[in-house]
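# Structural overview for review
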Amino acid sequence: MVLVYIALKASNRALNRRERLRVSAETVEVIEEVEGASRTVWSSPTAFTTVDLEALGEHEMRVRLRLSGRRHSVGKALSPPERESLAEALREAIRLARQERHLPA
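This one's a predicted model, so the numbers in the text were calculated from it and none came from an experiment.

### Thoughts on the side chain of R64
Within the secondary structure, R64 is located in strand 5 (residues 61-67). Other than its neighbours up to four places away in sequence, R64 contacts T50, V51, D52, E54, R71, H72 and S73.

Structural data, given as structure tokens:
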């Protein structure tokens, strides 16, 4: 019974976990929200952040933010097609944010 309780508690906690991605001209941030508390788990300068889409197998892929030797996976709860869309959207958001930074005043 204890193991079932722990498994259900962990499953419920995962359902209440949210990941927010914020891209601005200055930074790319990943904010994790669990049970009402939020914390930044990734922050990097937009100008130097890249997005990788890694195929791990026929039906598995991973979206990663990368800066130098650092990497952080995002969108773990998404299906492979949704991860592909996320990678494209992040790349576009970063491209637009970089352009915004260099707009003439």
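### Comments concerning the nonpolar core
Nonpolar side chains in soluble globular proteins tend to be buried together. Listed in full, the twelve residues of the largest apolar core are V28, V30, W42, V51, V63, L65, L67, V74, L86, A87, L90 and I94. With four residues, helix 2 (residues 80-101) is the largest single contributor of residues to this core. Not counting the four nearest positions on each side in its chain, W42 is found in contact with V28, E29, V30, L65, R66, L67, R70, R71 and H72.

### A short note on the sheet that holds strand 1 (residues 17-23)
With respect to topology, three strands assemble into an open sheet ordered 1-2-3, the strand pairing being antiparallel. Edge strands, defined here as strands with exactly one partner in the open sheet, are strand 1 and strand 3 (37-45). Taken pair by pair, the neighbouring strands of this sheet meet at an average axis angle of 15°, ignoring direction. Two elements, strand 1 and strand 2 (residues 27-34), share seven bridges in a ladder whose sense is antiparallel. The residue bridging R18 from the neighbouring strand is E33, located in strand 2.

### Observations concerning the sheet that holds strand 4 (residues 50-55)
The strand order across the open sheet built from three strands is 4-5-6, with neighbouring strands paired in antiparallel fashion. At either margin of the open sheet sits one strand with a lone partner, and together these are strand 4 and strand 6 (70-74). Within this sheet the neighbouring strands show an average axis-to-axis angle of 35°, counted without direction. In the sheet, strand 5 pairs with strand 6 via five bridges, with the strands oriented antiparallel. Note on strand 6: the bridge partner recorded for L67 is R70.

### Structural notes on the pattern of salt bridges
Taken as a whole and judged by the stated rule, the model has nine salt bridges. A salt bridge links E54 to R71; its shortest N-O distance comes to 3.9 Å. Remark: R71 occurs in strand 6 and E54 occurs in strand 4; sequence separation between them is 17 residues.

### Details of the layout of surface pockets
To find leftover empty space, a probe the size of one water molecule is rolled over the atoms. Roughly 420 Å³ of volume is contained in the largest pocket. If you go around the largest pocket, you meet 16 residues; those closest to its centre are R18, E19, G75, K76 and A77. Residue assignment for the lining of the largest pocket shows that the elements contributing at least two residues are strand 1, strand 2 and strand 6. Ranked by residue count, the leading element in the lining of the largest pocket is strand 1, at four residues. For the lining of the largest pocket, the class distribution of residues is eight nonpolar, three polar and five charged.

So, how was this worked out
- Residue indices begin from 1 for each chain and proceed along its sequence in written order.
- It should be noted that, the model being predicted, local features are given only for residues of pLDDT at least 70 and side-chain atom pairs only at 80 or more, the latter also being counted only at that level, while totals for whole chains, interfaces and linings use all residues.
- By convention in this description, side-chain values take in all heavy atoms of the structure and omit both hydrogens and water.
- Put simply, DSSP H or I for four residues or longer makes a helix, DSSP E for two residues or longer makes a strand, and each gets a number counted from the N terminus.
- Any two residues whose heavy atoms approach within 4.5 Å at even a single point are treated as in contact.
- Take the buried residues of types Ala, Val, Leu, Ile, Met, Phe, Trp, Tyr and Cys, join any two whose side-chain atoms come within 4.5 Å, and each joined set is a nonpolar core.
- Whether a residue is buried, partly exposed or exposed follows from its accessible area with a 1.4 Å probe, protein chains only, as a fraction of its type maximum: under 20%, in between, or over 50%, in that order.
- A pair of strands is considered paired only if DSSP assigns at least 2 bridges between the two.
- Only the stretch in contact is used when fitting a helix axis, every axis being a line fitted to C-alpha atoms; angles between N-to-C directions are given from 0 to 180 degrees.
- Take a side-chain nitrogen of Lys or Arg and a carboxyl oxygen of Asp or Glu: if they are within 4 Å of each other, that pair is a salt bridge.
- Here the term cavity refers to a set of points on a 1 Å grid, laid over the protein atoms alone, in which a 1.4 Å probe fits but cannot get out; the term pocket refers to an open set having protein on both sides within 12 Å along at least five of seven lines, with lining residues being those that place an atom within 4 Å of a point.
- Grid points are joined across faces, edges and corners, and a volume is the space filled by probe spheres set on the points.
- All residues other than Ala, Val, Leu, Ile, Met, Phe, Trp, Tyr, Cys, Pro, Asp, Glu, Lys and Arg, Gly among them, are scored as polar; the first ten of these are nonpolar and the last four charged.

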